[in-house]
Amino acid sequence: MTDLTLHFLLFILAGTVLVAAPMLIGRLVRPFLPTPEKDAVYECGEPTIGSSYVQFDIRFYVVALLFIIFDVEVVFFFPWAVVFGGATQLADSRLSEAARNNLTDKLLNLEPGTTVAETAIASADALRLAWTGFADIAVFFGVLLVGFAYVWKRGDLDWVRAMVEQAKAAKAQPKTHTLVEKKHETTLAS
């Protein structure tokens, strides 16, 4: 236990030194010559215009959140694939006893060589485990598809949804004459 504590302390010390040393050296070595040009706000090479409070389009955030949600859910497929692959390999009744023992050790996350013939997962049990895993992932994927269909139907994936709604609203409103059209009508009438 003390060996582990010593490793943690050394890791924390090394991390602190590696972060603090360049900052301290930079503070001691670099010149301090402030000018108005150096103190100006710099944002991606563009000069700042207007207020710093700018409202961004909500579509950016919606798409980012949807990406994160679906991306995190898809990550759950990888551990399932490992277990499902091991279970389907164990379901093969032609496996040798040594191969069955090794696969059982991997599937149950045991030390290699721990499983003996009596404790190895049988072919029928592995087949049942594989079908149970398949049913579980089918339900999970079904819920994922329902969520995706809901988001799609709601229109959150339409990038130009606001433009479509504006066009529909513009068609629904009665057409009003603009100032240019009124001037044109008065010149024609005279």
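For the structure, see preceding data.
The following refers to the structure shown. Here the structure is a predicted model, which means the values were calculated and not measured.

**Re the packing of helix α4 (residues 77-90) against helix α6 (residues 123-154)**
Now for step 1: The N-to-C vectors of α4 and α6 enclose an angle of 155°; their axes lie 8 Å apart at closest approach. On the basis of their axis angle, the class for α4 and α6 is roughly antiparallel. In this structure, α4 crosses over α6, and the sense of that crossing is left-handed. For the pair formed by α4 and α6, the contact residues are Phe 77, Trp 80, Phe 84, Ala 87, Thr 88 and Leu 90 on the first element and Ser 123, Ala 126, Leu 129, Ala 130, Gly 133, Phe 134, Ile 137, Phe 140, Phe 141 and Leu 144 on the second.
Now for step 2: Of the residues in the contact of α4 with α6, the class split is 13 nonpolar, three polar and no charged.

**Remarks on the packing of helix α3 (residues 58-75) against α4**
Now for step 1: Orientation of α3 relative to α4, taken along the N-to-C sense of each, is 15°, at an axis distance of 5 Å. As the angle between them shows, α3 and α4 are arranged roughly parallel. Counted together, Glu 73, Val 74 and Val 75 of α3 and Phe 77, Phe 78 and Pro 79 of α4 form the full contact between these two elements.
Now for step 2: Classifying every residue of the contact of α3 with α4 gives five nonpolar, no polar and one charged.

**Notes on the pattern of salt bridges**
Now for step 1: Using the criterion set out here, one finds two salt bridges in the structure.
Now for step 2: A salt bridge links Arg 94 to Asp 92; the shortest N-O distance between them is 3.1 Å.
Now for step 3: The class of Arg 94 is exposed, set by a relative accessible area of 73%.
Now for step 4: Here Arg 128 ties to Asp 125 by a salt bridge, and the two come within 2.3 Å at their closest N and O atoms. Of this pair, Arg 128 and Asp 125 both sit in helix α6, three residues apart, roughly one helical turn.
Now for step 5: Given the relative accessible area of 38%, Asp 125 is considered partly exposed.

**Regarding unusual backbone geometry**
Now for step 1: You will see that Asn 109, though not glycine, has its phi angle at about 60°, which is positive.
Now for step 2: On the secondary structure map, Asn 109 appears in the loop between α5 (97-107) and α6.

**Side note on the packing of aromatic side chains**
Now for step 1: The full count for this structure, using the stated rule, is eight aromatic pairs.
Now for step 2: Between Phe 84 and Phe 134, the ring centres sit 6.3 Å apart and the planes meet at 35°, which makes this aromatic pair tilted. Here Phe 84 is found in helix α4, whereas its partner Phe 134 is found in helix α6, with 50 residues between them in sequence.
Now for step 3: On the basis of relative accessibility, which here comes to 25%, the residue Phe 84 falls in the partly exposed class.

**A few points about the environment of Gly 113**
Now for step 1: Residue placement: Gly 113 occurs in the loop between α5 and α6.
Now for step 2: Along the backbone, Gly 113 and Asn 102 are 11 residues apart, and their C-alpha atoms lie at a distance of 6.9 Å.

**A closer look at helix α1 (residues 2-29)**
Now for step 1: End to end, α1 covers 40 Å across 28 residues, agreeing with the expected 40 Å (1.5 Å per residue, within 8%).
Now for step 2: Counting buried residues in α1 gives zero out of 28 residues, a small share hidden from the surface.

Rules used in this analysis
Starting from 1, residues in each chain are numbered consecutively following that chain's sequence as written. Per-residue local features are limited, in this predicted model, to residues with pLDDT of at least 70; the limit for side-chain atom pairs, both in listing and counting, is 80 or more; totals at the level of whole chains, interfaces and linings are taken over all residues. The side-chain values count all of the structure's non-hydrogen atoms but skip hydrogen atoms and water molecules. To obtain an axis, a line is fitted to C-alpha atoms, over the contacting stretch when the element is a helix, and the angle between two such axes runs from 0 to 180 degrees between their N-to-C directions. Numbering of helices and strands starts at the N terminus; helices are DSSP runs of H or I of at least 4 residues and strands are runs of E of at least 2. Orientation categories follow fixed angle ranges, with anything under 35 degrees roughly parallel, anything over 145 roughly antiparallel, 65 to 115 roughly perpendicular, and all other angles oblique. Note on convention: near helix rotated counterclockwise from far helix by under a right angle means a left-handed crossing. Clockwise means right-handed. In this analysis, two residues are considered to be in contact whenever any of their non-hydrogen atoms come within 4.5 Å of each other. Residues are grouped as follows: nonpolar covers Ala, Val, Leu, Ile, Met, Phe, Trp, Tyr, Cys and Pro; charged covers Asp, Glu, Lys and Arg; every other residue, Gly included, is treated as polar. Whenever a carboxyl oxygen of Asp or Glu lies within 4 Å of a side-chain nitrogen of Lys or Arg, that contact is scored as a salt bridge. Per-residue accessibility, obtained with a 1.4 Å probe over protein chains only, is compared with the maximum for each type, and a residue is labelled buried under 20%, exposed over 50%, and partly exposed between these values. Side-chain rings of Phe, Tyr and Trp (the six-membered ring for Trp) are treated as a pair once their centres are within 6.5 Å; stacked means planes under 30 degrees apart, edge-to-face means over 60, and tilted covers the remaining angles. The span one expects for a helix is its residue count, reduced by one, times 1.5 Å.

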